[in-house]
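# A look at the structure
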Amino acid sequence: MIIACVAVVGQKNNPLYLQSFTSIGDDLKHHHIVHCSLDVIDERVNTPKKSGSRLNESFLGLLYPTETYKVYGYLTNTKVKFILVTTTSTGMDPESRNFFGKLHAAYADAVSNPFHVQGKKLITKKFAKRVEAIVKSFSD
Amino acid sequence: MEPDVSMETCRIIRIAVLPTGGEIPADILRHYISMLSQFNTVDLSSISSFYVEHQKSPFAHQPWDSGSLLFKFVIGGESASAWEDFQSNRKILAVVGICHCPSCPDLGEVANDFAKECTDYKSSLVHRCFAFSPSDAQLEAGGNKENDLVLFPPSDRRSQELHMQTMLQDLAASLLMEFEKYVLRAESVGTILKTPLDSQAGFGSEEMIKAKKKRLGRAQKTIGDYCLLAASPLDANAHYTTGIELARLTGDVFWHAGALEGSACALLIDREDNRDPVIEEEVKYRYYNVIQLYRRSSVSDSAQRASTVRFELEAALKLARYLCRHELAKEVVELLMGAADCAKSLIDANDRLILFIEVARLFGTLGYQRKAAFFSRQVAQLYLQQDNTCASISAMKVLSMTAKAYHIESKGSSYKSSACSNESGSSHAEGGKLHPSSIVSLYESQWSTLQMVVLREILLSSVRAGDPLAAWSAAARLLRSYYPLITPVGQSGLASSLSNSAERLPSGIRCADSALPFIRLHSFPVHPSQADIIKRNPNNEGWWMGSAPSGPFIYTPFSKGSPNDSTKHEITWIVGEPIDVLVELANPCGFDLIVDSIYLSVQSGNFDPFPVSVNLPPNSAKVISLSGVPTKVGPVIIPGCTVHCFGVITEHLFKEVDNILHGAAQGLVLSDPFRCCGSGKLKTVSVPNISVVPPLPLLVSHVVGGDGAAVLYEGEIHNIRISIGNAGSVPVEQAHISLSGKNQDSVLSIADEALMSALPLKPGAQVTLPVTLKAWKLSLVDVDPNSGKNAFTSSARMSKDGSSPLLVFHYAGPSTYIASTEISGSSSSIPPGRRLIVPLHVCVQQGLRFVKARLLSMDIPARISENLPAPNKILEGSSNKEIPTTPTHQTDNSLMKIDPYKGSWGLRLLELELSNPTDVAFEVNVYVHLDKPKKPCNTVDTDEDLCCSRTRIDRDYSSRVLIPLEHFKLPVIDDSFFSKDHKVAGDDGSSILKQSKAELTASINNLISKIKVRWQSGRNSSGELNIKDAFQSALQSSVMDILLPDPLTFGFRLKSRVEEESSSKARLTKGAVFAHEMTGMEALIRNNTREMITMTLSITCRDIAGDNCIEGKKSTVLWSGVLSGVAIEVPPLQEITHSFSLYFLVPGEYTLLGAAVIDNATDILRARAHTISPDEPIFCRGSPFGVQVLGTA
């Protein structure tokens, strides 16, 4: 799995963390992709009934299929969204599910920092390093 | 590609609309076209009257009762498409000319022109020219012309529309007949149908049968198309099915796809208003096939990909539009994203533009605003690539539509939308609280990377489009929201683009989006005249009561609610009196910001603001004062400031900045503009409720002779004159003066009648009010040990302490009732009163310093004589009492004058030691107030104050002043003095004393109040020493001795000699005693109590050495009579005499002393004698009497 971008988006759809892992210059594109994928997440957040059996499922699956990018989403109980942009074309559901689990743990640790203010951007180096490590472990 | 494609597109008949015959004014043309375009649907049933069946119709299953023809009016026409053989709906099938007769007199020419124009549309089957508003002449002439010129005689719109409808029905019928003709011809003869795909290959090289079949298939497909256009889906379906079969057989993939697409459309039209899931599945299935086929058709030849892909995309868009529902969102998204991905393979930029527009529209329909915005941005970028103004305008418009999704929309547009949804415009009501949507926008504003990009594009496009206001607005939004992310150079660039835009704008133009500076409310400085507005209660005359803090505390917890409750904060402004509001401006950018003018924007319209101009250096904040004058009664609402900056007038709302600051505190906004300018954090100030009241009187005061502090010595009495003037425009009708602050008792008198008599005080009138002050005593804390020398510094310090008393004037104008319509709060229908506080500035300097007070007792022995030294004046008072023999001077005013020959029994004086640390001399007078109630008035001088001689105390000197206390002695010991204690503490005298402390203090205070020590210094200063405490401590222990006489007083006198005396002796015997001579004497014992006293009297005589000379071995005095152990009873308030004789052996000075032991003493006596135990004998002793014994010659 080639991970292009990882983003954490807050409850109010505010970006908390957005990091590109591909060549420089794609940042804006990734911003757009993450921003656009919020449409789908919003829809799923606002109409939970539709999910039916997947009501309590955090993993939102493929959000945004394009030719070059696949966007996966994950929604925590506190309505924080994790968004993963990959450039792999094949379906990677189980792997991305696994990835989100690890990202969720990292996020939970990061916001447990007593100095973190709810709703503020995650700018700690520790979190950034940890996400980088997770991304590296998946990019093989 | 074509815009706005849908399933229906296949059945829409295109009609070119061409303005003919000279210029038509734009608005008239628009009017004609709007009339035309509302008839885009013509029911088959309505055209049957125009329909003439020339031959048997090929449309066997035409639904005459339910079907309808659809028109699409192509204004201005379009060039023929290369693909019109493939999709017949692309053909222009009819041409409608529009002619405005007044601009073309010759209708024949028009008809010719139109016929010429029609030749460009080879595919067109029917031509009509509609000529509007013909003149009468033209009407007449028009009848002769050919059929395709239709005259619309001038009439009202409704009948014209009816006319137009009829004409269109006729057109539809003609078209239908033309379609029939075409179909019949195509079925029988067959046509050559080509697409650009076929151009190279051609049919020639292929084998004949296959080519023929292919041609047949294509013909069937085209016939199907015409069937669809003729609104006959069943016929269409039949032809399509044949076409599909043939195309499949011949491998004509492209036409296969086209036929399939047509069949899907026919299926839908057949079941028009029935969203059957089965049909939907079928349509979906067919369309996916269509897309597949289109794709396949190009796979074989990749060179053709570019041209066929548009059909593929159109099919995808058609399906997406068909499916565009919430439930199917995922499918639609996939279709749309797939389509968007294909954009790269589109060569024509226009196609790409159309694709993105359609994708964005569909996403928008689906509710995916962000995706719609993304594609709109792509559209705008495509527009921007075209280098012309129209494209730029389009780009600008498209981008401003995306602004909402990116939360960067212009306030102007958002206001418009909110005004539409909420017409009442409750913009005032939401003041203070953060609007929920504004919070969300704060959060969303964190997509700054995207937002800046979009804003920059808006700026760029509006500059190119030549819309300076939009450019200004975009630059303002960019600068205001994202200044922390823009380099100083970029900030300056934005500033210059603001200025450049403003240059092209008319002056005085307003923009909804504010640029810089950031403005927040700093405070409402309360003018003293505003602070002191007090509500008047019409029912309560003393409305001023309780309005001023009466206690020593500035703040009382009961007077107001909690201080944090700022919402309750209310401010009253007065019509015509200018007010100030402090606002803080911040310029966080790296350039000099020149605010041309800034003033408070008041929506309520009853306020006249004064604009000011400000210059803000880079990265700076400034607090400025904005002022204005309220003009009308009512509430004032100040939502913000109006700013004229960068050539445009904008409205800056305090609420928005509060939101920004709130967001900055939570880390949601990039930066706090005030903090990055170095301004401190400020508590959010909410705009208080401001109400304007009608004009009130306004008193101003000044002290006559200067407002500076009066420097006074302690205890100095000083007169101040305060001048009070009415500076308002309303007379003062009520006034009340009270005191407040510290040292209130230092104000001796206020001549408030001077003010009261001047009421009503007209505007401009003045009145002078004298006030008498007595400088208070400095407390010990205030006095530095060495402050005496540098009095000035200490006094300067004093004046700041606020220890001066305050004069509080409550005043009000006429209490006329205001009509309740003018003031919303009906509770206060009476104009409020006001308060003026005049501090009486007094600097108290240390004056005469009291060092200590001492009680002095003096026993001055009296000389024995024939009479008692002080003549016992028998007072013929009503009580018929005798006054004890006191050696003080009843006749003399001077208390200090003591005649040594008259003697004194225990004269008591209070000695005051005073020092003068100042640098002026003081003269001290002691005044004793003599109004003893028990003393009959005829004995006392009419002036009650006795003045002792003056004592002058020079600077740096100390002096002692004596105050005689003997005046205060009561004549009689009785139980009235102890009356209370007597009952309480029966026999124990000491306990009586303890318990009579309060009584004592009272009597001391009474005593002190009668003594006044006044001083005078220089010509003007005079005052009184406050020595109460000193007196009290000095007198505490011995007040009883001062106030009460001894129970017994003893006096001695010489018995008048009975024998004859020589003239020489007579001279000598006057007050003289001779040795060796029996001298008769009398002891007078007076009972000062109201009880009989039984006692044992003894009399002793002492010589000058103090030895007893009556008893003992060396007694030098012989006596006759009883001198010791004389038992006597003295009746109350009476005196008895006891006679005895002495014989002095040696001449010299002797002293006679009377003493007595009182038997069975009463409690009063015991108390007076300070006895400890009840058994203790009470011993009384008289004052000594001097006897000078002269020697005999």
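All values reported here derive from a predicted model rather than from experimental measurement.

What follows deals with the sheet that holds strand β42 (residues 1117-1120) of chain B. Residue and element names in this part refer to chain B. Taken in spatial order, the four strands line up as β38-β40-β44-β42 in an open sheet, and their pairing is antiparallel. Looking at strand neighbours, the two that pair on one side only are β38 (1048-1054) and β42, the edges of this open sheet. Each neighbouring strand pair of the sheet contributes to a mean axis angle of 30°, computed without reference to strand direction. Examined bridge by bridge, β42 and strand β44 (residues 1135-1144) share four bridges and lie antiparallel to one another.

So, on to the nonpolar core. Residue and element names in this part refer to chain B. Among the nonpolar cores identified, the biggest contains 208 residues, and Trp573, Val583 and Ile598 are the most heavily contacted of them. If you tally residues by element for this core, the top one is helix α5 (residues 157-188), at 13 residues. Those residues in contact with isoleucine 598 that sit more than four places away from it in its chain are Ile519, Leu585, Phe610, Pro611, Val612, Val614, Ile624, Leu626, Cys641, Thr642 and Val643. In this structure, Met1081, Leu1142, Ala1156 and Val1189 belong to the second largest nonpolar core, which totals 35 residues.

Now for unusual backbone geometry. Positive phi, normally seen in glycine, also occurs at A:Lys79, with a value near 65°. You can see A:Lys79 is positioned in the loop between β4 (70-75) and β5 (81-86). If you check the backbone angles, B:Phe646 has positive phi at about 55° while not being a glycine. Owing to a relative accessible area of 13%, B:Phe646 belongs among the buried residues under this scheme.

Glancing now at the packing of aromatic side chains. What characterises a pair of aromatic rings is the spacing of the ring centres plus the angle enclosed by the ring planes. All names here are of chain B. According to the stated counting rule, one finds 18 aromatic pairs over all chains in the structure shown. With centroids separated by 4.0 Å and ring planes inclined at 10°, the aromatic side chains of tyrosine 32 and phenylalanine 132 adopt a geometry described as stacked. Residue tyrosine 32 is found in helix α1 (residues 26-37), and its partner phenylalanine 132 is found in strand β5 (residues 126-132); the two are separated by 100 residues along the sequence. Judged by relative accessible area, which is 4%, tyrosine 32 ranks as buried. Phenylalanine 132 gets classed as buried once you look at its relative accessible area, which sits at 0%. When the centroid spacing of 5.5 Å and the interplanar angle of 70° are considered together, the rings of phenylalanine 179 and tyrosine 226 count as edge-to-face. Of this pair, phenylalanine 179 sits in helix α5 while tyrosine 226 sits in helix α7 (residues 208-229); the two residues are 47 residues apart in sequence, bridging distant segments of the chain. Phenylalanine 179 gets classed as buried once you look at its relative accessible area, which sits at 0%.

Below, the discussion takes up the environment of B:Leu36. Looking at where B:Leu36 falls in the secondary structure, it is placed in helix α1. In sequence terms B:Leu36 and B:Val17 are 19 residues apart; their C-alpha atoms lie 9.4 Å from each other.

All names here are of chain B. Scanning the entire structure with this criterion turns up 13 salt bridges over all chains. Taking the shortest distance from any N to any O, the salt bridge between lysine 181 and glutamate 178 comes out at 3.1 Å. Linking lysine 181 with glutamate 178, this pair stays in helix α5, spanning three residues, or about one helical turn. The partly exposed category is assigned to lysine 181, whose relative accessible area is 40%. A salt bridge links arginine 286 to glutamate 282, with the shortest nitrogen-to-oxygen separation between them at 2.8 Å. You can see arginine 286 and its partner glutamate 282 sitting in helix α10 (residues 277-299), four residues apart, about one turn around the helix. Owing to a relative accessible area of 15%, arginine 286 belongs among the buried residues under this scheme. Note on glutamate 282: relative accessible area 30%, which makes it partly exposed.

Here we come to helix α13 (residues 349-366) of chain B. Residues and elements named next belong to chain B. The terminal C-alpha atoms of α13, which comprises 18 residues, lie 25 Å apart, in line with the 26 Å expected from a rise of 1.5 Å per residue. Within α13 the residues assigned to the buried category are Asp351, Leu353, Ile354, Leu355, Phe356, Glu358, Val359, Ala360, Leu362, Phe363 and Leu366. Just downstream of α13, glycine 367 is the residue with a positive phi angle, here 95°.

So, how was this worked out
Residues numbered from 1 in each chain as written. Chains lettered and ligands numbered in written order. Predicted model: local features only at pLDDT ≥ 70, side-chain atom pairs only at ≥ 80, totals over all residues. Heavy atoms only, no water. Pairing = 2+ DSSP bridges. Helix = DSSP H or I, 4+ residues; strand = E, 2+ residues; numbered from the N terminus. Axes fitted to C-alpha atoms, helices over the stretch in contact; angles between N-to-C directions. Core = buried A, V, L, I, M, F, W, Y, C linked by side-chain atoms within 4.5 Å. Buried < 20%, exposed > 50% of the residue type's maximum accessible area, 1.4 Å probe, protein only. Contact = heavy atoms within 4.5 Å. Phe/Tyr/Trp six-rings, centres within 6.5 Å; stacked < 30°, edge-to-face > 60°. Salt bridge = Lys/Arg side-chain N within 4 Å of Asp/Glu carboxyl O. Expected span 1.5 Å × (residues − 1).

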